[in-house]
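Survey of secondary and tertiary structure
If you want the building blocks of each chain, they are given just below.
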Number of protein chains: 2
Amino acid sequence: MSNYAKVHTGDEPRTELHDKLGLTGAEVSINHVPAKGGVPFVHSHKENEEIYIILSGKGQAVIDGETVPLTAGDCMLIQPNAKRQLSASNDEGMSYICIQAKAGSLDEFTAEDAVIEQ
Amino acid sequence: MSNYAKVHTGDEPRTELHDKLGLTGAEVSINHVPAKGGVPFVHSHKENEEIYIILSGKGQAVIDGETVPLTAGDCMLIQPNAKRQLSASNDEGMSYICIQAKAGSLDEFTAEDAVIEQ
């Protein structure tokens, strides 16, 4: 079995990578939301923190009632229990990546988790 | 304490989000590599799977000796023990996101982990 998996994504409204790639440590989605569009409900999470990376455009997140403006280059962590709703702006869409990972699950990373090969 | 954290990133060669945002379930880096540039060593990981999302440009990954071409829109999972080395192409740089998450750590996600608020 190969030690990697690869898929190509385009401008689909939402691509979820967990099942496509066989992820076991995170779910990752790539989202392209048109102007005035957004997630149609407020939600929180049981276990997972969410990390948002805004790729282009602009919009906003409402987090526990606070409005947070979002623009390309913004990176945001939202704690599991926060009540959140994301939407694009009225005049411009927004593309973003959303990463779900279990809060507290990461032990080591980067240098500590790496093995440099000779 | 706020239930979220946000930072803005630009064209820095590498931005690591773990410490900036206080991540506990993943490490996420945003990387802009110039033409002919790349990670200067081959490495594997002890615990973490890596997920790569190519944002722009092109390059390649060498995984266990196999060369995998990469271009904007490609998404790739690399298993922890695979020996890997990424680089941009000779005539064009490559921007990508790298996510490290502990293999096997994700329990539920999306609908199963979400709580829809009234």
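Anyway, here's the lowdown on the structure attached to this text. (Residues numbered from 1 in each chain as written. Chains lettered and ligands numbered in written order. Predicted model: local features only at pLDDT ≥ 70, side-chain atom pairs only at ≥ 80, totals over all residues. Heavy atoms only, no water.)

Time to look at the overall build of chain A. Within chain A, the secondary structure is distributed over 1 helix and 10 strands. Element order for chain A, N to C, with α for helix and β for strand: β-β-α-β-β-β-β-β-β-β-β. Once the C-alpha set of chain A is aligned to its principal axes, its extents read approximately 50 × 30 × 25 Å. Residues classed as buried in chain A amount to 48% of the 118 residues present. The contacts in chain A between residues at least 6 apart in sequence include a share of 64% that link residues at least 24 apart. (Helix = DSSP H or I, 4+ residues; strand = E, 2+ residues; numbered from the N terminus. Buried < 20%, exposed > 50% of the residue type's maximum accessible area, 1.4 Å probe, protein only. Contact = heavy atoms within 4.5 Å.)

Another aspect to go through is the nonpolar core. Of all hydrophobic cores here, the largest spans 27 residues; its most connected members are A:Val28, A:Ile53, A:Ile99, B:Val28, B:Ile53 and B:Ile99. Discounting residues that sit within four places of it in the chain, B:Val28 has contacts with A:Ile51, A:Ile53, A:Ile99, B:Thr15, B:Glu16, B:Leu17, B:His18, B:Leu23, B:Ile97, B:Cys98 and B:Ile99. (Core = buried A, V, L, I, M, F, W, Y, C linked by side-chain atoms within 4.5 Å.)

Note that the two copies of the chain are related through a rotation about an axis and a translation along the same axis. Between chain B and chain A, the superposition needs a rotation of 180° and an axial shift of 0.0 Å, giving an RMSD of 0.0 Å. Within this description, the copies of the chain are treated as partners about a two-fold rotation axis. The position closest to the rotation axis in chain B is occupied by the C-alpha of B:Ser105, lying 3.1 Å away. An overlap of 100% is found between the interface residues of chain B and their copies at the interface of chain A, pointing to a shared contact surface. (Least-squares fit on C-alpha atoms with pLDDT ≥ 70 in both.)

Time to look at unusual backbone geometry. If you check the backbone angles, A:Thr110 has positive phi at about 50° while not being a glycine. Here A:Thr110 is to be found in the loop between β9 (94-102) and β10 (114-116). Using a relative accessible area of 24% as the deciding quantity, one classes A:Thr110 as partly exposed. The residue B:Asp64 is not glycine, and still its phi comes out positive at about 50°. Along the chain, B:Asp64 falls in the loop between β5 (48-63) and β6 (66-71). Take B:Asp64: its relative accessible area is 43%, and that puts it in the partly exposed class.

Bringing the interface of chain B and chain A into the picture now. Across the contact, 70 residues belong to chain B and 70 residues belong to chain A. Approximately 5,900 Å² of surface area, both sides summed, lies buried where chain B meets chain A, with 54% of it carried by carbon and sulfur atoms. Counting across the interface, chain B meets chain A through 6 salt bridges. Joining chain B to chain A, the criterion identifies 50 residue pairs in polar contact (both at pLDDT 80 or more). Here the side of chain B that touches chain A is composed, by residue class, of 33 nonpolar, 19 polar and 18 charged. With 3 bridges connecting them, strand β4 (residues 43-45) of chain A and strand β10 (residues 114-116) of chain B associate as antiparallel partners. Following the sheet pairing, A:His43 is matched in β10(B) by B:Ile116. (Buried area = accessible area lost by both parts, 1.4 Å probe. Salt bridge = Lys/Arg side-chain N within 4 Å of Asp/Glu carboxyl O. Polar contact = N/O pair within 3.5 Å; in protein donor to acceptor, adjacent residues only side chain to side chain. Nonpolar A, V, L, I, M, F, W, Y, C, P; charged D, E, K, R; others polar. Pairing = 2+ DSSP bridges.)

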